[in-house]
Structures are given as structure tokens and as C-alpha cells.
Amino acid sequence: MNAPRRALVLIDVQQEYFDGPLNIQYPSRDESLANILRALDVAAQTDMPVVAVRHEYPEGAPVFAAGSAGWELHPEVERRIGPTARRVVKNHSDIFASTGLAEWFRENGTNTLTLVGYMTNNCVLSTSAAAEPLGFTIEVLSDATGAVHLANEAGTASARQVHETLMALLHSNWAAVATTEAWASAATNDDRLVKSDLVTSATRGGTAAR
């Protein structure tokens, strides 16, 4: 198989997830941010394109309001991405809807998207699923993404439960899930990350449940 042509995609690494009601709970914000910055270093070393996606709602919205403090990218990310990164504003959970990114990736020969950022249980999940019919290979860095605690009429789940469950789910079908260091090695050597598949994951899951 041909070597992957990667782009590093930063999804919504915005202040809302550090100082707002959507504070990332697992992995810790400090851990995931450090790994996002590490991924940016690898991208710079390998001349990998970087896309910085930012979620935006109209002014006055409770979160991600255009121009608000929570709407801003984390200052460490802002300092690192530089003028060459492609900056995109989105209004939906996946990065492709009404952004032109799918066309931009194709025009630049990109076939593999490495996702970091927030949240595991929303935009990372949605983007991974949306990429399948578009033909892109997805990689998700498990320690450079994060989730929040959830509670609603359907039940409750800790951020750790949410994150770890979704990492296993993603790796079973939509994405190759890896740590930042494992990905860094693969990216430096132009190697592919290998994901599982649904049948294998289900079979192993059934064995583990006995």
C-alpha cells in the first residue's frame, strides 16, 4: 500500500473546554493539551499540513459565541500553529459539513486525517463517522482527545467511561486509535496505523465477556 499522506486536524481546541462549562474531564486537560502540542511538533518536523478547526455559534450563544473568550483557540495552540495552518470555522459536529474541507484535502492529495482535540463524544466521533463515505482514513490520538461527564434522561456516564468506550468503538470500525507517541513514530517513518474491524472486535469482546 502507498504511504499515507497525512494532515493533522485540531478539532475545537478552544477555551470553552478549559475555562467553560464544557471542561474536559478525561484524559486531563493538561495531558491532552501536552499531547496536542507534541503532535504539532511532529507535524512541523515532517512538513505535515495542519488544519485548525474552530466551532462557532452566533453572538449571545451560551457557548462558542463568535468573538467570545471561550471561542478563542487555546493560547498555546495559537502560538504554535503559525500562519501556514489552514483555519476553518464550523457550525456542525463534523468538520466536513459546509466547510469545504473534503475538497481541500483531496486537492492537496491528503488521504489520512489525524484527529486531536475535543470532544471525543461529539465532534471526534461525528467526524470519524462522516469520513467513511468520503473515503478518508481516520486516525484518532487517544491521549490527545478528551471527553466530559454526561448525565441526562437516558442515564449517566463518567468521562473516563465515555472516552474509553468510544476509543474501542472507533478502533473497531472508523479509525485507527493510537497514543501520540505511537503515532509520532508512524508519522516520522511514513507508516500506517492499523485499526481493528467490527467482526474481530465483536469476537474478542464475546470471549472477554465469558
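Report on the accompanying structure. Quantities reported herein were computed from a predicted structural model and do not represent experimental measurements. (Residues numbered from 1 in each chain as written. Predicted model: local features only at pLDDT ≥ 70, side-chain atom pairs only at ≥ 80, totals over all residues. Heavy atoms only, no water.)

What about the side chain of T120?
The residue T120 is located in helix α5 (residues 120-134) in this model. Judged by relative accessible area, which is 0%, T120 ranks as buried. Excluding residues within four positions of it along the chain, T120 makes contact with L125, T145, G146, A147, H163, L166 and M167. (Helix = DSSP H or I, 4+ residues; strand = E, 2+ residues; numbered from the N terminus. Buried < 20%, exposed > 50% of the residue type's maximum accessible area, 1.4 Å probe, protein only. Contact = heavy atoms within 4.5 Å.)

With respect to the pattern of salt bridges
One pass over the structure, following the stated rule, counts eight salt bridges. Residue R79 is joined to E76 by a salt bridge in which the shortest nitrogen-to-oxygen separation is 2.5 Å. With R79 and E76 both in helix α3 (residues 75-81), this residue pair falls three residues apart, about one helical turn. Classification of R79 by relative accessible area gives exposed; the value is 58%. Under the relative-accessibility criterion, E76 is labelled partly exposed at 29%. A salt bridge links E164 to R160, with the nearest nitrogen and oxygen atoms 2.9 Å apart. (Salt bridge = Lys/Arg side-chain N within 4 Å of Asp/Glu carboxyl O.)

Quick look at the pairing of strand β5 (residues 137-146)
Most of β5 sits out of view: nine of its ten residues are buried. Taken together, the six bridges between strand β4 (residues 112-118) and β5 define a ladder with parallel strand orientation. Paired with Y118 across the strands is G146, a residue of β5. In this fold, β4 hands off to α5, which returns the chain to β5; that crossover is right-handed. Bridge count for β5 against strand β8 (residues 176-178) is three bridges, and the pairing is parallel. Its bridge partner being in β8, V140 is matched across the sheet by V177. (Pairing = 2+ DSSP bridges. Right-handed = clockwise from strand over helix to strand, strands pointing away.)

A look at the sheet that holds β8
Two modes of strand pairing occur in sheets, parallel and antiparallel, and in both the strands are linked by backbone hydrogen bonds. Read across the sheet, six strands follow the order β3-β2-β1-β4-β5-β8 without closing on themselves; strand pairing throughout is parallel. The two strands at the open ends of the sheet, each matched to only one other strand, are β3 (86-90) and β8. Geometrically, the sheet is characterised by an average inter-axis angle of 25° between neighbouring strands, direction not taken into account. Against the sheet, helix α6 (residues 159-171) engages β5 and β8, with an angle of about 165° to β5. (Axes fitted to C-alpha atoms, helices over the stretch in contact; angles between N-to-C directions.)

Topic: unusual backbone geometry
In this chain, Y26 is followed by P27 through a cis amide linkage whose omega measures -15°. Mapped onto the elements of the fold, P27 is located in the loop between α1 (16-19) and α2 (29-45). Omega for the bond connecting Y118 with M119 falls within 30 degrees of zero, at -15°, which places this linkage in the cis form. Tracing the sequence through the fold places M119 in the loop between β4 and α5. Even without glycine at this site, D47 takes up a positive phi of about 55°. Its location among the elements puts D47 in the loop between α2 and β2 (50-55). Residue D47 is classed as exposed on the basis of its relative accessible area, which comes to 71%.

Brief notes about the packing of aromatic side chains
Throughout the structure, instances matching the rule amount to seven aromatic pairs. Measuring from centroid to centroid gives 5.8 Å for F18 and Y118, while their planes differ by 75°, and the two rings are edge-to-face. Highlighted residues: F18 in helix α1 and Y118 in strand β4, separated in sequence by 100 residues. Per residue, the accessibility class of F18 equals that of Y118, and both read buried. Residues F96 and F136 carry aromatic rings whose centres are separated by 5.9 Å and whose planes lie at 5° to one another, so their mutual orientation is stacked. Taken as a pair, F96 in the loop between β3 and α4 (101-107) and F136 in the loop between α5 and β5 lie far apart in primary sequence, 40 residues in all. No difference in accessibility class separates F96 from F136, as the two residues are buried. Three or more aromatic residues link up through ring pairs in this structure, and these residues are Y17, F18, Y57, F64 and Y118. (Phe/Tyr/Trp six-rings, centres within 6.5 Å; stacked < 30°, edge-to-face > 60°.)

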